[in-house]
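# Chain and residue survey
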Amino acid sequence: MADSEGTLILRDYLPQYLNTGEALEAFLAQIEKDLQFELNSTLPREVFQQTKKCLEQRAMAGEIMPLLYRVDIDESIATDLLKKDDWEGLTGAVLRRIAKKLSFRFSTGDQK
């Protein structure tokens, strides 16, 4: 989900039962791990923008598809969004997928 400016509201990506400080911290750590970059902020708009910039830079370097494969983004969705140059849509898809993985981890009690 996004606010009126199209930027990320982190809590909207996590199920209600995961709207805790611990889960948000884990979400941010998972973004860094999966995308292999360091966030410079924990502010939602900044996290979204930094993630988007990371994806754009990886695309320019020819590294986007392996990255999206690692995050487990469906290839047809990724290809469609990339053809449209829809970086906000791709960023949202990546963050939703990371949140889904995190949600599964928390639901099984594996919070490592």
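Everything numeric in this text was worked out from a predicted model, so none of it was measured.

In this section: the overall build of the protein. Within the protein one finds 6 helices and 0 strands. Ordered by position in the sequence, the α and β elements of the protein form the string α-α-α-α-α-α. Residues counted as buried form 43% of the 112 residues belonging to the protein. Partitioning the contacts of the protein with sequence separation of at least 6, the portion at a separation of at least 24 is 53%.

Bringing the nonpolar core into the picture now. Nonpolar side chains tend toward joint burial in soluble globular proteins. Counting 28 residues, the largest nonpolar core has Phe27, Ile31, Leu35, Leu55, Leu68, Ile73 and Val94 as its most contacted members. Setting aside residues up to four positions removed in sequence, Ile31 forms contacts with Gln36, Phe37, Leu39, Val47, Thr51, Leu95 and Ile98.

Turning next to the pattern of salt bridges. One pass over the structure, following the stated rule, counts 4 salt bridges. A salt bridge links Asp34 to Lys101, with the shortest nitrogen-to-oxygen separation between them at 2.7 Å. Within this pair, whereas Asp34 is found in helix H2 (residues 21-35), its partner Lys101 is found in helix H6 (residues 87-107), the two being separated by 67 residues in sequence. For Asp34, a relative accessible area of 7% corresponds to the buried category. Here Glu63 ties to Arg58 by a salt bridge, and the two come within 3.7 Å at their closest N and O atoms. Relative accessible area serves as the criterion here: at 15%, Arg58 is assigned to the buried category.

Calculation criteria
- Residues numbered from 1 in each chain as written.
- Predicted model: local features only at pLDDT ≥ 70, side-chain atom pairs only at ≥ 80, totals over all residues.
- Heavy atoms only, no water.
- Helix = DSSP H or I, 4+ residues; strand = E, 2+ residues; numbered from the N terminus.
- Buried < 20%, exposed > 50% of the residue type's maximum accessible area, 1.4 Å probe, protein only.
- Contact = heavy atoms within 4.5 Å.
- Core = buried A, V, L, I, M, F, W, Y, C linked by side-chain atoms within 4.5 Å.
- Salt bridge = Lys/Arg side-chain N within 4 Å of Asp/Glu carboxyl O.

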